[in-house]
Amino acid sequence: MKKMGNENKKRNMPDKKAVLKFLMNYGVITLGCVIYSFGVALFLDASNLASGGVTGIAIVINYALETWANYSLDTGIIIIIINIPLFILGAVFFGHKFIISTIYSTVLSSLMMWGWSTLFDAYLPFFDSLLLSGIVGGVLFGLGLGLIFRMGSSTGGTDIIVKILRKKFRYIRTGMISMIIDIAIVAVSALVYRDLELACYTAISIVIFSTTFDWILYGGNSAKLVYIITTDEKAKLICEKLLNELDVGATYLDGEGAYTGEQKRVIMCATKNFLYPKMRDAVRSVDPDAFMIVSSAKEIYGEGYKNHFDDEL
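Heads up: these notes are all about the structure in this document. None of the values given here were measured: they were computed from a predicted structure.

Take the packing of helix 5 (residues 130-150) against helix 8 (residues 196-218) next. Viewed as axis vectors pointing N to C, helix 5 and helix 8 meet at an angle of 30°, and their least axial separation amounts to 7 Å. With respect to their mutual orientation, helix 5 and helix 8 come out roughly parallel. Where helix 5 crosses over helix 8, the two elements pack in a sense that is right-handed. Its residues assigned to classes, the contact of helix 5 with helix 8 shows 18 nonpolar, six polar and one charged.

Next up on the list: the state of the cysteines. Overall, the coordinates contain zero disulfides when judged by the stated rule. C269 forms no disulfide, and the closest cysteine sulfur to it belongs to C239, at a distance of 7.5 Å. Since its relative accessible area comes to 4%, C269 is described here as buried.

Another aspect to go through is the pairing of strand 3 (residues 263-271). Where a strand is regular, its side chains alternate between the two sheet faces. In this structure, strand 1 (residues 223-230) lies alongside strand 3, joined through seven bridges in antiparallel fashion. Looking at the pairing, I229 lines up with V266 of strand 3. Two successive antiparallel strands, strand 2 (residues 251-256) and strand 3, enclose a turn made up of six residues, where G261 displays a positive phi of approximately 75°.

Looking now at the packing of aromatic side chains. Within the structure shown, the criterion is met by 15 aromatic pairs. Relative to Y26, the ring of F22 has its centre 4.7 Å away and its plane inclined at 40°; by these criteria the two rings are tilted. On the criterion of helical spacing, the pair formed by F22 and Y26 is a turn pair, its members being four residues apart in helix 2 (residues 16-44). According to the relative accessible area criterion, F22 is partly exposed, its value standing at 48%. Centre to centre, the rings of W116 and F120 are 6.2 Å apart; their planes meet at 40°, and the pair counts as tilted. Over the aromatic face of F94 sits the side chain of K163, whose NZ or CZ is 6.0 Å from the ring centroid. Taking the ring centre of Y252 as reference, the NZ or CZ of R265 above it sits at 4.4 Å.

Our focus in this paragraph is the nonpolar core. Considering soluble globular proteins, one finds that nonpolar side chains tend to be buried as a cluster. In terms of nonpolar packing, the biggest core is built from 34 residues, with V40, M113, F141, L145, I160 and F213 touching the most fellow members. Those residues in contact with M113 that lie beyond four places of it in its chain are Y36, S37, V40, A41 and I79. V226, M279, V283 and V286 belong to the second largest nonpolar core, which has 16 residues in total.

With that settled, consider the sheet that holds strand 4 (residues 291-297). Spatial strand order, 2-3-1-4: four strands in an open sheet with antiparallel pairing. Each end of this open sheet is capped by a strand with a single partner; those strands are strand 2 and strand 4. Averaged over all neighbouring strand pairs, the angle between strand axes comes to 20°, with direction disregarded. Relative to strand 3, strand 2 runs antiparallel, the two being bridged by six bridges. Counterpart to E256 in the pairing with strand 3 is Q263. Those strands touched by helix 10 (residues 276-286) are strand 1, strand 3 and strand 4, and its axis lies near 5° from that of strand 1.

Calculation criteria
- Residues numbered from 1 in each chain as written.
- Predicted model: local features only at pLDDT ≥ 70, side-chain atom pairs only at ≥ 80, totals over all residues.
- Heavy atoms only, no water.
- Axes fitted to C-alpha atoms, helices over the stretch in contact; angles between N-to-C directions.
- Helix = DSSP H or I, 4+ residues; strand = E, 2+ residues; numbered from the N terminus.
- Parallel < 35°, antiparallel > 145°, perpendicular 65-115°, else oblique.
- Left-handed = near helix turned anticlockwise from the far one by under 90°.
- Nonpolar A, V, L, I, M, F, W, Y, C, P; charged D, E, K, R; others polar.
- Disulfide = S-S within 2.5 Å.
- Buried < 20%, exposed > 50% of the residue type's maximum accessible area, 1.4 Å probe, protein only.
- Pairing = 2+ DSSP bridges.
- Phe/Tyr/Trp six-rings, centres within 6.5 Å; stacked < 30°, edge-to-face > 60°.
- Lys NZ or Arg CZ within 6 Å of the ring centre and 35° of its normal.
- Core = buried A, V, L, I, M, F, W, Y, C linked by side-chain atoms within 4.5 Å.
- Contact = heavy atoms within 4.5 Å.

Written out as structure tokens, the structure reads:
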């Protein structure tokens, strides 16, 4: 009986790896919220640069309320109000786990925006230059949101719409979909602010955000795809170096020189960008006459790279 009781306890206890993964995911999400809220509150919002998405819509609404109704409502609060119907939409498409982490990200980042703007109110805006505010704000916005997305969460709002559209149009990158939506928001902000120059700086910040966002989402998955054409004897020596010194896997392909008719060995391998210079040195040390074709691989699935069952970002 005691043995069965112990076994039941073990089954009910959470797996340590699962707990660590959960804590790590939420740790990265929290860090993303800090960076994202910092960029929006202290650089974009402080300079009236509509950052895109629900955040951009909230900034425009806040500006309109202050200008035309002489009423101020914090941007973070407006974001929460707009997000309520979008959370319901997200729950329908992505389930409760996504929505729980999204609510956490949205509420935390919104409260942080309020906190940063209150804490640093006397010093805002940090830069007199709209260009600098747009660049720094765009980078921080993209970096923070990219970290949140990589953990399978979002900050709600148009992020949920972007993820839904990404499921439909899988060939378009997330940052591109986000940028198309944001361009529409920039157009609206230009009408509200009646300031074309401000709209141009907003557009610059959105391009910087989209570039940073895509780099965070996909940059870590990119690598070099290398074809090495050499003789059979030297191919074995090159592969030994790649496997033993660099821990890089390779695949042999049979080839034949079109002009000479000689049999050739083609080594095909993928390597992380930082390892490529060492790979080149290894090939050169064995066969300085080897023919190498190098290209960029945007995404790689398999051991050492992305899992086939990972969520598409």
